[in-house]
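What follows is the residue order along each chain.
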Amino acid sequence: MIVAIDFGVTNTDVVLSNNSQLKFFSMPSKSANESFIDEIISLIDTDITEINQIAVTGGKSNELNESYKGVNLTKISETDAIGYGTKEIYKIKNEPFITLSCGTGTACIHHQDGQFSYVGGIAVGGGAISGLSKAILDSSSLQKTTDLALKGNRKNIDLLIGDVVNEIGLLNPNVTASNFAKLKDSNIFSKEDMSHAILNMVGEIIGTIGYLNAGLFGIKNIHFLGRVSLNEVVKNSISERLKLANMKGLFEDKREYGTVIGALKHIETK
């Protein structure tokens, strides 16, 4: 039996592999230490004597000891975990690819000739959504922000290309010219419209960093991991932004567990 743990900033994900049968767990993050691992082992209701190996990634997991209660503890870089997770979830063999892992922030990983490279990241993701929602809407709940956003219209908040000029090349008039720009003349807005604008902006930024990095390597399809990519509004904004560069986002099931799956697969291949 193998246990893999991904210590994220917001969530800690766990996968238990027993004879190729996988069970997934998730919980709010704490410090990556032995005490928290005690809680994790208790949560997944597994006897430590049945565990052959533990893989850890994320957070400050590299500061953990080399073993936990007699069980070998393997430390895996997030870059490798994201890469292996992408290969497993999207059933990729050896072809080059770009992955965006969308969590509290967003990381971009490139694969070429069996090597995974971190090619950049941005401090925009779920953390930005929660922080802005708390500051502006007085709630850091992603679900509440999403529920409001689905009833809102960002066009009442954002300045669009069609509001500014007749056309810019092939850009659709509904493409954002400036996020939140209409608020410079008014401080009146609905929570629904503001929620839509916040989620849309995060999606646009992620999509933009995606196509810029993918363009460097001549790649047209971008793979996504992480919980933020599950959000309906963010995902749509990512896809719309990628269309501007004639690129496509790929969104496979279980991608919210991509990094922890990658940590598991990394040690299974050794």
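That block above? That's the structure.
One structure accompanies this document, and this report is about it. All chains use their own residue numbering, which begins from 1 and follows the written sequence. Note on the predicted model: pLDDT of at least 70 is required for a residue's local features to be given, and 80 or more for side-chain atom pairs to be given and counted; whole-chain, interface and lining totals, by contrast, use all residues. Excluded from the side-chain calculation are hydrogens and water; included are all heavy atoms of the structure.

1. A few points about the overall build of the protein chain
Here is step 1: For helices the rule is a DSSP run of H or I covering at least 4 residues; for strands it is a run of E covering at least 2, with both sets numbered from the N terminus onward. When you go through the protein chain residue by residue, the secondary structure sums to 8 helices and 13 strands.
Here is step 2: Within these notes, the globule rule equals 2.2 Å times the number of residues to the 0.38 power, and the radius of gyration is based on C-alpha atoms. On C-alpha atoms alone, the protein chain measures out to a radius of gyration of 20 Å, which is about the 18 Å that the 2.2 N^0.38 rule sets for 270 residues.
Here is step 3: Taken over the C-alpha atoms alone, the protein chain extends approximately 65 × 45 × 30 Å along its principal axes.
Here is step 4: Accessible surface area values rest on a Shrake-Rupley calculation with a 1.4 Å probe, where residue burial reflects the displayed protein chains alone. Roughly 13,300 Å² of accessible area belongs to the protein chain as shown, and the carbon and sulfur atoms make up 47% of that amount.
Here is step 5: Positive residues here are Lys and Arg, negative ones are Asp and Glu, while His and the chain termini are left out of the count. For this purpose, a charge sits on NZ of Lys, CZ of Arg, CG of Asp or CD of Glu. Charge separation in the protein chain, taken as the distance between the mean sites of 26 positive and 30 negative side-chain charges, equals 4 Å.

2. Section: the packing of helix H6 (residues 191-216) against helix H7 (residues 232-243)
Here is step 1: Only the stretch in contact is used when a helix axis is fitted, and all axes are lines through C-alpha atoms; the angle between N-to-C directions ranges over 0 to 180 degrees. Where H6 meets H7, the axes come as close as 7 Å, and the angle between the chain directions of the two elements is 40°. By the angle class used here, H6 and H7 are oblique. For the element pair H6 and H7, the recorded crossing hand is right-handed. Two secondary-structure elements touch here, H6 through His196, Leu199, Asn200, Gly203, Glu204, Ile206, Gly207, Thr208 and Tyr211 and H7 through Val233, Val234, Ser237, Ile238, Arg241 and Leu242.
Here is step 2: Class assignment of the residues belonging to the contact of H6 with H7 gives a composition of 7 nonpolar, 6 polar and 2 charged. For classification, angles of less than 35 degrees are called roughly parallel, those exceeding 145 degrees roughly antiparallel, those between 65 and 115 degrees roughly perpendicular, and all remaining angles oblique. Should the near helix be turned anticlockwise from the far one by less than a right angle, the crossing is left-handed, and should it be turned clockwise, the crossing is right-handed. Residues are treated as being in contact if the distance between any of their heavy atoms lies within 4.5 Å. Side-chain classes are defined by residue name, with Ala, Val, Leu, Ile, Met, Phe, Trp, Tyr, Cys and Pro counting as nonpolar, Asp, Glu, Lys and Arg as charged, and the others, Gly among them, as polar.

3. Section: the environment of Asp113
Here is step 1: In this structure, Asp113 sits in the loop between strand S8 (106-112) and strand S9 (115-122).
Here is step 2: Under the scheme applied here, a residue whose accessible area is under 20% of the maximum for its type counts as buried, over 50% as exposed, and between as partly exposed, the area being computed with a 1.4 Å probe on protein chains only. Asp113 gets classed as exposed once you look at its relative accessible area, which sits at 65%.
Here is step 3: Linking Asp113 and Thr208, residues 95 residues apart in sequence, is a C-alpha distance of 25 Å.

4. Some words on the packing of helix H3 (residues 126-137) against H6
Here is step 1: Remark: H3 packs on H6, axes separated minimally by 10 Å, with the N-to-C direction vectors making an angle of 160°. The orientation of H3 relative to H6 falls into the category roughly antiparallel. Crossing of H3 against H6: the hand is right-handed. In contact with Ile129, Leu132, Ser133, Ile136 and Leu137 of H3, H6 contributes Lys191, Met194, Ser195, Ile198, Leu199, Met201 and Val202.
Here is step 2: By residue class, the composition of the contact of H3 with H6 is 9 nonpolar, 2 polar and 1 charged.

5. Quick notes on the sheet that holds strand S2 (residues 11-18)
Here is step 1: Here a strand pair is declared whenever DSSP counts at least two bridges between the two strands. Pairing in this open sheet of 6 strands is mixed, and the strands run S3-S2-S1-S4-S6-S5 from one edge to the other. Among the strands making up the open sheet, the edge pair consists of strand S3 (21-28) and strand S5 (67-68).
Here is step 2: Taken together, the 4 bridges between strand S4 (residues 53-57) and strand S6 (residues 71-75) define a ladder with parallel strand orientation. By the bridge assignment for S6, Ala55 is matched with Thr74.
Here is step 3: Packing of helix H8 (residues 258-268) onto the sheet brings it into contact with strand S1 (2-7), S2, S3, S4 and S6, and relative to S1 it is tilted by some 140°.

6. Observations concerning the side chain of Thr145
Here is step 1: Here Thr145 is to be found in helix H4 (residues 142-149).
Here is step 2: What makes Thr145 buried here is its relative accessible area of 1%.
Here is step 3: In this view, Thr145 contacts Ser133, Leu137, Ser139, Ser195 and Leu199; residues no more than four positions away in its chain are not counted.

7. Regarding the environment of Leu64
Here is step 1: As for its position among the elements, Leu64 is in the loop between S4 and S5.
Here is step 2: On a C-alpha basis, the gap between Leu64 and Ile267 in space is 17 Å, while along the polypeptide they are 203 residues apart.
Here is step 3: Setting aside residues no more than four positions away along its own chain, Leu64 makes contact with Phe7, Ala32, Asn33, Glu34, Ile37, Val56, Leu73 and Lys75.

8. Considerations on the packing of aromatic side chains
Here is step 1: Side-chain rings of Phe, Tyr and Trp, where Trp is taken by its six-membered ring, are said to pair if the distance between their centres is within 6.5 Å; with planes under 30 degrees apart they count as stacked, over 60 as edge-to-face, and otherwise as tilted. Counted by the stated rule, this structure contains 5 aromatic pairs.
Here is step 2: Summarising the aromatic geometry, the rings of Tyr84 and Phe116 are spaced 5.1 Å apart at their centres and angled 65° between planes, so their arrangement reads as edge-to-face. Highlighted residues: Tyr84 in helix H2 (residues 78-89) and Phe116 in strand S9, separated in sequence by 32 residues.
Here is step 3: Within the aromatic cluster, the residues linked to one another by ring pairs are Tyr84, Phe97 and Phe116.
Here is step 4: Look at NZ for Lys and CZ for Arg. If either is within 6 Å of the ring centre and within 35 degrees of the ring normal, a charge sits over the ring. Its end group placed over the ring of Tyr257, Arg227 keeps NZ or CZ at 5.4 Å from the ring centre.

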